[in-house]
Amino acid sequence: MKVLTRLLRSQHFITRANKPLQLLHQRAHNNLSYSNKLVDATSRHLQKVFDDQKYFNDFTKTATKADTLSKPGLNGVRNYSIFNNNSTGLFKNELLSTPSGLIEFSKKSRLEAIEFVDSMLHEVNQNEQGRLTFIRKLDQLSDLLCRVIDVAEFIRASHPSTKWINAAQQTHEIIFEYMNQLNTNVELYHHLRDILDDPVMTAKLTSEEIQVGEYLKQDFERSGIHMDPETRNNFVAITQEISLLGSLFNNELRNLKSFWCEVSRSEFDSIEDETLKQEINGYQQKFSGVHSSSSVQIPLVGHIPYSILSNCANESLRRKIWILLHSSTDEQIETLNGFIKYRAFLARMLGHKSFAHYQLEHKMAKNPENVITFLTNLQNSSRDRGVLDEIKQLYNYKKNPQSTDPIEEIKPWDRDYLVAQLQQDIKLQQQKKEPNPKELEPIHNYFSVGTVVAGLSSLFSHIYNVTFIPEPTLRGETWDQEQVRKIKVYDHTNQRNLGFLYLDFWSPKVLPSHFTIVCLRKLNSSIGTESKEQLQDLVQLDEDKTSQLPIIALVCNFPKASNLSIGRFAGMGGSKEKPTLLTLDQVDIIFHEMGHAMHSMIGKTELHNLSGTRCTTDFVELPSVLMESFSRDRRVLCRIGRHHETGAPLSEELLQQHHHHRVALEECDSYMQSKMAMLDQVLHDENVVAKLESTNFKGELDSTAIYHDLERQLQVFADEWSTWHGKFPHLFSYGAAYYSYLFDRAIADKIWHGLFAEDPWSRKAGEKYKNSILKWGGTRDPWVCLADALNNPELSKGDSHAMEIIGRKL
Ligand SMILES: [Zn+2]
């Protein structure tokens with residue numbers, strides 16, 4: 001129910017952590033439950049719905065037309081179609097047909113919530129039935145408000161229309177304050193606590209109800225509910241202040257300390273690329289108007305700084321550009337210091353040693369000490385495994401090194417330049433070996449968006465017996481009817497709809513993200529607090545109208561292919577629209593986000609609070625990170641990759657050549673991630689609290705000094721000059737939980753090796769994974785899930801030994 005917790009869960013980050021291909025033998029697959037021909041046709045249809053705009057438009061038209069003809073006004077059921085004037089609202093929520101409808105929806109929901117709380121409190125005092133149904137009702141109440149907050153959050157981030165975004169902003173204000181009041185409603189909390197403390201009551205509740213009850217109780221307590229009213233009010237004020245500073249921080253992430261970087265005339269002259277120089281001069285004349293004979297102003301805009309970092313031999317020039325490009329404004333660092341201070345204060349107020357202790361109390365890791373141990377082990381092993389080797393490779397290209405220690409010598413501004421040098425050298429050597437090489441065919445030819453979606457459907461049909469079925473959308477159902485595709489996720493084993501995905505791969509404004517719009521939840525019709533009639537216009541129900549189905553929106557910012565004549569169509573007198581073709585990195589992204597989506601779809605929970613991805617933050621990335629192991633597996637890529645024009649499958653040879661060409665600093669990258677996770681820990685740790693406490697929270701916090709100290713200590717591209725930490729968004733959004741990605745990566749490696757490495761298309765492995773992990777959402781201790789999935793009872797304790805097992809490199 002707690003807004004902060006919930007919003008945290010909807011944010012995602014993508015990091016690259018490439019894994020070498022495993023060359024394992026391929027197995028035969030004979031567990032298809034329906035004929036291959038049918039699968040091929042379904043798969044082609046799915047692919048074309050994404051790749052062929054005309055096909056998609058026709059699909060939408062015929063389907064809605066057929067729908068209108070077959071059910072003419074049956075029992076007052078409205079017909080929606082692009083041919084009549086009726087329309088529905090966003091995600092088929094009838095109230096969401098206009099921006100003002102969204103505001104109406106939020107006001108209506110708030111009112112409903114207020115009345116519902118009154119009736120809950122009345123009934124809980126009346127009889128045992130009121131107490132037995134209390135947790136289910138609390139969950140219903142929280143769903144009622146989340147339905148509004150979640151859709152508003154999605155609109156705020158992704159909707160193309162400013163009117164909608166403004167309405168979403170208002171909605172947030174209408175609901176947020178009320179949510180905070182609810183989080184500190186003493187009466188609700190006392191009843192919940194009494195019910196959970198009463199063995200007679202708990203004996204009659206389901207284990208899921210008890211889990212959700214405990215979770216909500218923790219949330220209440222984390223809001224300081226058991227404190228005196230004055231402290232509680234302080235608590236609300238401080239959380240609001242933190243949240244305000246957080247959005248300020250997020251809004252200013254991209255601002256630079258300065259738009260211009262001043263360099264000497266000779267540094268400027270050292271740029272060899274004449275076109276780049278002209279471009280810089282053009283900017284100078286247009287904007288700065290400052291002409292000086294001794295210095296030049298370089299604009300930090302577009303590709304200019306990055307071209308300099310990759311291509312200019314002059315180190316002092318690169319140094320200046322790099323530092324300024326990674327420096328935040330002073331205001332931004334002040335904002336960061338502000339919320340770190342408030343967080344430390346809040347943690348002490350609630351009786352925790354530090355904000356990290358407060359944050360991690362109910363996570364898998366349990367405490368910051370475990371996190372530090374995990375990160376330190378990881379750092380030591382990646383240092384041993386290859387960080388030094390990778391750096392040494394770069395060191396060979398550094399001119400006039402000052403130090404004999406490669407790690408000390410290679411500075412952050414050297415990285416791009418030396419990688420480019422290394423790449424060039426590899427190319428030269430290859431040319432020597434093979435003077436007239438055949439040009440490597442671009443691999444993206446095999447991965448159109450539609451091919452990847454159809455490939456995922458095929459993978460899921462093998463491992464889960466679940467497929468994707470495209471559904472036409474109605475007018476108003478999406479934010480862009482030409483662009484957004486809707487998919488029904490269908491379970492063939494139980495012959496049931498699992499939920500719906502709305503996919504927009506071409507959003508101009510959002511980094512790849514996954515949004516939960518509605519969660520799976522069983523309706524409370526049996527206890528009489530809601531009915532299917534009330535809900536069917538707001539959410540999408542299952543076949544027997546007993547549950548609301550999960551709705552997930554997945555948005556990516558892939559560039560749309562232009563309408564140019566291409567390939568064999570060129571010169572044939574016509575042109576054909578080219579489908580969007582994806583790089584291997586973009587394929588990873590879709591797989592990652594689909595991992596989150598399937599977590600929501602495959603969950604089998606009844607209450608919304610712990611459904612699907614609503615599990616603990618340091619477990620939530622597991623299903624998505626695991627999907628990246630699939631998208632990097634040769635056997636998976638070669639089976640799903642199909643040439644967009646010829647339909648030819650991707651050859652292993654081509655795939656291997658492309659992997660060969662990727663110059664990766666894999667171990668360095670993973671080391672850098674662990675440095676970022678460590679920074680997130682130290683900024684929220686006990687030392688910060690102790691320092692602030694010594695001045696009664698009146699002294700200043702110097703996050704820049706903390707950042708530079710840590711960099712000096714951990715080394716590897718160590719930064720002692722910039723204020724990059726003001727550009728690291730997850731310091732706010734994850735707050736002491738950024739280790740989660742690396743932690744889940746470590747768990748995913750274990751699951752991959754334990755279940756899928758032998759055969760990524762295995763139904764047996766898929767069933768085991770589904771039943772031990774995915775179906776539980778957040779209703780079972782993740783450590784117990786892992787012990788089950790990996791057949792290792794030692795893990796179920798989730799103690800420091802379990803942490804150590806997970807941290808062990810394979
Ligand atoms: Zn993610």
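Provided above is the structure to which this section pertains.
All values reported here derive from a predicted model rather than from experimental measurement.

1. Brief notes about helix 29 (residues 703-714)
Here is step 1: Under the 1.5 Å per step criterion, the end-to-end length of helix 29 is 16 Å for twelve residues, consistent within 8% with the ideal 16 Å.
Here is step 2: Every buried residue of helix 29 is accounted for by S703, T704, Y707, H708, L710, E711 and L714. Mapping the buried residues of helix 29 onto a view down its axis gives an arc of 160°, with all of them on the same face.
Here is step 3: Two residues or fewer past helix 29, Q715 is found with a positive phi of approximately 55°.

2. What about the environment of E693?
Here is step 1: Note that E693 resides in helix 28 (residues 686-694).
Here is step 2: Between the C-alpha atom of E693 and that of A344, which follows or precedes it by 349 residues, the distance is 9.1 Å.
Here is step 3: Among the polar contacts listed, one links the side chain of E693 to the side chain of R348, at a separation of 2.6 Å.

3. What about the side chain of R318?
Here is step 1: Among the secondary structure elements, R318 is positioned in helix 15 (residues 315-325).
Here is step 2: Polar side-chain contacts of R318 include one of 2.9 Å to the backbone oxygen of W413.
Here is step 3: Non-local contacts of R318, meaning those with residues more than four positions away in its chain, are made with I308, L309, C312, A313, W413, D414 and Y417.

4. Regarding the packing of helix 27 (residues 666-682) against helix 29
Axes are the key here: two packed helices are described by the angle between their axes and the distance separating the axes.
Here is step 1: Orientation of helix 27 relative to helix 29, taken along the N-to-C sense of each, is 140°, at an axis distance of 10 Å. By the angle class used here, helix 27 and helix 29 are oblique. Between helix 27 and helix 29 the crossing geometry is right-handed. Two secondary-structure elements touch here, helix 27 through Y671, K675, M678, L679 and V682 and helix 29 through I706, Y707, L710, E711 and L714.
Here is step 2: Looking at the contact of helix 27 with helix 29 residue by residue, the classes come out as eight nonpolar, no polar and two charged.

5. Observations regarding the coordination of the zinc ion
Here is step 1: Bound to the zinc ion are the protein donor atoms H592 (NE2), H596 (NE2), E621 (OE) and E621 (OE), situated 2.1 to 2.7 Å from the metal.
Here is step 2: If you look at the zinc ion, its four donor atoms make angles of 50 to 140° with each other, and the shape they trace is irregular.
Here is step 3: In the primary structure, the donors to the zinc ion are separated according to the pattern H-x3-H-x24-E. Placement of H596 in helix 23 (residues 584-602) and of E621 in the loop between helix 23 and helix 24 (622-631) is noted, with a sequence separation of 25 residues between them.
Here is step 4: Here H596 falls in the buried class, since its relative accessible area comes to 0%.
Here is step 5: Assessed through its relative accessible area of 0%, E621 is described here as buried.

6. A few points about unusual backbone geometry
Most peptide bonds adopt trans geometry, and most residues besides glycine take a negative phi value.
Here is step 1: The backbone of N400 shows a phi angle near 45°, a positive value even though the residue is not glycine.
Here is step 2: Checked against the element boundaries, N400 lands in the loop between helix 18 (368-395) and helix 19 (406-409).
Here is step 3: Not every positive phi belongs to a glycine, and N791 is a case in point at roughly 50°.
Here is step 4: Note that N791 resides in the loop between helix 33 (782-789) and helix 34 (800-807).
Here is step 5: For N791, a relative accessible area of 60% gives the class exposed.

7. A closer look at the packing of aromatic side chains
Here is step 1: Scanning the entire structure with this criterion turns up 29 aromatic pairs.
Here is step 2: Each ring, one from W413 and one from W721, has its centre 4.9 Å from the other, and the planes form 65°; the classification is edge-to-face. One end of the pair, W413, is in the loop between helix 19 and helix 20 (415-433); the other, W721, is in the loop between helix 29 and helix 30 (730-733), with 308 residues separating them in the sequence.
Here is step 3: Using a relative accessible area of 3% as the deciding quantity, one classes W413 as buried.
Here is step 4: Relative to F743, the ring of Y739 has its centre 6.1 Å away and its plane inclined at 55°; by these criteria the two rings are tilted.
Here is step 5: Of the residues examined, F743 reaches a relative accessible area of 0% and is grouped as buried.
Here is step 6: Here the basic side chain of K486 rests over the ring of F500, its NZ or CZ set 4.5 Å away from the ring centre.
Here is step 7: Lying across the ring of W761, R639 places its NZ or CZ 3.9 Å from the centre.

8. Quick word on the pattern of salt bridges
Here is step 1: Inspection of the entire model under this criterion finds 39 salt bridges.
Here is step 2: With a shortest N-O distance of 2.9 Å, R496 and D542 are connected by a salt bridge. Placement of the pair is R496 in strand 5 (residues 496-504) and D542 in the loop between helix 22 (532-535) and strand 8 (547-548), with a sequence separation of 46 residues.
Here is step 3: Judged by its relative accessible area of 6%, D542 is buried.
Here is step 4: For K768, the salt bridge identified is with D788, shortest N-O distance 3.5 Å. With K768 in helix 32 (residues 763-772) and D788 in helix 33, the pair connects residues that are 20 residues apart, well separated along the chain.

9. A word on the sheet that holds strand 9 (residues 551-555)
Here is step 1: The sheet built from five strands is open, its strands ordered 3-4-5-9-6 with mixed pairing. On the outer flanks of this sheet lie strand 3 (466-471) and strand 6 (513-518), each paired with one strand and no other. Within this sheet the neighbouring strands show an average axis-to-axis angle of 25°, counted without direction.
Here is step 2: As defined by bridge partners, strand 3 adjoins strand 4 (residues 485-491) across six bridges and the pair is classed as antiparallel. Considered in strand 4, the bridge of I469 is made with K488.

Criteria and cut-off values
- Residues numbered from 1 in each chain as written.
- Predicted model: local features only at pLDDT ≥ 70, side-chain atom pairs only at ≥ 80, totals over all residues.
- Heavy atoms only, no water.
- Helix = DSSP H or I, 4+ residues; strand = E, 2+ residues; numbered from the N terminus.
- Expected span 1.5 Å × (residues − 1).
- Buried < 20%, exposed > 50% of the residue type's maximum accessible area, 1.4 Å probe, protein only.
- Arc of directions from axis to C-beta.
- Polar contact = N/O pair within 3.5 Å; in protein donor to acceptor, adjacent residues only side chain to side chain.
- Contact = heavy atoms within 4.5 Å.
- Axes fitted to C-alpha atoms, helices over the stretch in contact; angles between N-to-C directions.
- Parallel < 35°, antiparallel > 145°, perpendicular 65-115°, else oblique.
- Left-handed = near helix turned anticlockwise from the far one by under 90°.
- Nonpolar A, V, L, I, M, F, W, Y, C, P; charged D, E, K, R; others polar.
- Donors = N, O, S within 2.8 Å, 3.2 Å for Na, K, Ca; no water.
- Tetrahedral: all angles 85-135°; square planar, octahedral: opposite > 155°, others 65-115°.
- Phe/Tyr/Trp six-rings, centres within 6.5 Å; stacked < 30°, edge-to-face > 60°.
- Lys NZ or Arg CZ within 6 Å of the ring centre and 35° of its normal.
- Salt bridge = Lys/Arg side-chain N within 4 Å of Asp/Glu carboxyl O.
- Pairing = 2+ DSSP bridges.

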